[in-house]
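Remarks on the overall topology
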Amino acid sequence: MSSNPSQAQSAAFIDPRGPRFGAVITTVVLAVVLLTSNGWLLAVQTVIFALGAFSGLKYAPYGYLYRKLIRPRLAKPTELENPAPPTFAQGVGFAFAAVGTLGYLSGVTALGLVFTGFALAAAFLNAAFDFCLGCEVYLLIRRGAPRREPVGS
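**Observations regarding the state of the cysteines**
Following the criterion strictly, the structure yields one disulfide and no others. Here C132 connects covalently by a disulfide to C135, the sulfurs 2.3 Å from one another. What sets the handedness of the C132 and C135 disulfide is the S-S torsion sign, and at about 70° it is right-handed. The burial state of C132 is the same as that of C135; both residues are buried.

**Points about the environment of S55**
Note on placement: S55 falls in helix α2 (residues 39-55). A sequence separation of 44 residues divides S55 from V99, and the C-alpha atoms of the two residues are 20 Å apart.

**Remarks on the nonpolar core**
Generally speaking, soluble globular proteins have nonpolar side chains that are buried together. In terms of nonpolar packing, the biggest core is built from nine residues, these being L30, V33, L42, F49, A97, Y104, A119, L120 and A123. Counting residues per element, the ones that place at least two in this core are α1 (17-36), α2, α4 (84-105) and α5 (109-129). It is α5 that contributes the most residues to this core, three residues altogether.

**Some points on a nonpolar patch on the surface**
A grouping of F124, F129, F131, L133, V137 and I141 is seen on the molecular surface, where their side chains present a nonpolar patch of about 550 Å² in accessible area. One can find F131 in the loop between α5 and α6 (133-144). When its relative accessible area of 36% is taken as the criterion, F131 is described as partly exposed.

**Focus on the pattern of salt bridges**
Per the stated rule, a full pass over the model turns up two salt bridges. In this structure, R17 and D15 form a salt bridge, with 2.8 Å as the shortest nitrogen-oxygen distance. Judged by relative accessible area, R17 falls into the partly exposed class, the value being 29%. Residue D15 is joined to R71 by a salt bridge in which the shortest nitrogen-to-oxygen separation is 3.4 Å. One end of the pair, D15, is in the loop between β1 (2-3) and α1; the other, R71, is in the loop between α3 (61-70) and β2 (80-81), and 56 residues separate them in sequence. The partly exposed category is assigned to R71, whose relative accessible area is 22%. Shared partners join several salt bridges into a network, and the residues in it are D15, R17 and R71.

Criteria and cut-off values
- Residues numbered from 1 in each chain as written.
- Predicted model: local features only at pLDDT ≥ 70, side-chain atom pairs only at ≥ 80, totals over all residues.
- Heavy atoms only, no water.
- Disulfide = S-S within 2.5 Å.
- Buried < 20%, exposed > 50% of the residue type's maximum accessible area, 1.4 Å probe, protein only.
- Helix = DSSP H or I, 4+ residues; strand = E, 2+ residues; numbered from the N terminus.
- Core = buried A, V, L, I, M, F, W, Y, C linked by side-chain atoms within 4.5 Å.
- Patch = residues over 30% accessible without salt bridge, like charges linked within 9 Å, V, L, I, M, F, W, Y side chains within 5 Å.
- Areas by Shrake-Rupley, 256 points an atom, 1.4 Å probe, with all protein chains shown as cover.
- Salt bridge = Lys/Arg side-chain N within 4 Å of Asp/Glu carboxyl O.

Put into structure tokens, the structure is as follows:
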């Protein structure tokens, strides 16, 4: 996932510590949701996932916190990362959280618990072990996608 882009490309690439910071906050939020069965808190997390997935990581609230509060206190990252895999991971988180939210808010608590658990497991892997499950799925999909032939070939 990580890359060492040229100067021209570097503006589009991100500090990989930002998504991991977001995963730490997400892990805490999702753990609280599981402990309390609070569907409204999960709904807020679902919106946070949606912002990152559909508007881009630039608009992800936890990424904003990282860029404004944490990043200025750290050394420059040793490598940068393509934002596509973490953006895809936000979409996966959104899907799990949306189903979990529907479960909790419609009274199907078991559905809420299961899908919140899935999202929590993925967030925890990233937060604790720097293993982004959604990013890995993105890369598997990209490797399996057929290559397009250039027009005129």
